[in-house]
Amino acid sequence: MNTIQQAPSPPPQFVLRGGENDVSAIAFLKFPYLVSGTVSGIMKIWSFTNRRIVNENTPHNSLAILKLEFVRFYKNDIIFLSQGRDGLIKLWKLLIIEKYNNNIVNLEELRVIQSGSFAYCKISLFQHRHKNEIILASPSREDDEFIIYKMSNTMQNEKQKNHKKIDKKMSTKDFKHLDGIQSISELNNRKKGMIMCIKIINAFIVLLGYESGEICVYNIENK
């Protein structure tokens, strides 16, 4: 009987070392940069050029980073999102400064969204190919509730507005406009438990999985 021998796995092109805790999120940015997040809340920017950490911070109050996502619709800037267990979603701009043949990497915080969710459910993103707009779905403070955010490239121009403290709770029925972010919340009276996962299928359809094992499809256009 002939045995088929499998070819050995190819060696990795890059091995990045320097993590002190489990990695909980990762995203490729524009080459040569990669961003990672840990369960201890440390976010690191890595460079494939020298295989080193070029920026390190704790943007979510030392709580776990659940999701990192590269935002592609900005042509000239490297923009990405981070989601933490502190209930915040943050929009970042990667600043690269060339100095003495070396690149200094810094981060500029563009926006902060207070979703109110402290669970482990990750956000989901849909990016329009022909519009400078992204749609973001996030769990909210209530177990059976999720929020839709629509964000456009006006975020950079309206950055200063976001510094105002917002205490008003968003309605679960009405469509609201809040400092450049349009938010809807959908509340179902059936007790399905916590939202465990969210996936945006397109600009209108959101798929949700609940703690009860139910899967629900929502049309966010007609709520």
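Computed from a predicted structure; not experimentally measured.

Q: Could you give an account of the overall build of the protein chain, naming the residues involved and the relevant values?
A: Helix and strand counts for the protein chain stand at zero helices and 16 strands. Within the protein chain, the fraction of its 223 residues that count as buried is 43%. About 13600 Å² of surface is accessible on the protein chain, with carbon and sulfur atoms providing 48% of the total.

Q: Summarise the sheet that holds strand β4 (residues 52-57); cite the residues concerned and give the values.
A: Read across the sheet, four strands follow the order β1-β2-β3-β4 without closing on themselves; strand pairing throughout is antiparallel. Two strands lie at the open edges of the sheet, namely β1 (23-28) and β4, each paired on one side alone. Along the sheet, successive strands turn relative to each other by an average axial angle of 20 degrees, direction set aside. The sheet contact formed by β1 and strand β2 (residues 33-38) spans five bridges and is antiparallel. What sits directly across from Ala 25, in β2, is Gly 37.

Q: Break down the packing of aromatic side chains for me, citing the residues and quoting the values.
A: For any pair of aromatic rings, the description rests on two quantities: the centre-to-centre distance and the angle between the ring planes. Evaluated as defined, the whole model comprises three aromatic pairs. Look at Phe 28 and Phe 48: their rings are 6.2 Å apart centre to centre, the planes differ by 25 degrees, and that puts the pair in the stacked class. Residue Phe 28 is found in strand β1, and its partner Phe 48 is found in the loop between β3 (43-47) and β4; the two are separated by 20 residues along the sequence. Exposure remark for Phe 28: the relative accessible area of 57% places this residue in the exposed category. Looking at Phe 48, the relative accessible area reads 12%, which means it is buried.

Parameters at a glance
Residues numbered from 1 in each chain as written. Predicted model: local features only at pLDDT ≥ 70, side-chain atom pairs only at ≥ 80, totals over all residues. Heavy atoms only, no water. Helix = DSSP H or I, 4+ residues; strand = E, 2+ residues; numbered from the N terminus. Buried < 20%, exposed > 50% of the residue type's maximum accessible area, 1.4 Å probe, protein only. Areas by Shrake-Rupley, 256 points an atom, 1.4 Å probe, with all protein chains shown as cover. Pairing = 2+ DSSP bridges. Axes fitted to C-alpha atoms, helices over the stretch in contact; angles between N-to-C directions. Phe/Tyr/Trp six-rings, centres within 6.5 Å; stacked < 30°, edge-to-face > 60°.

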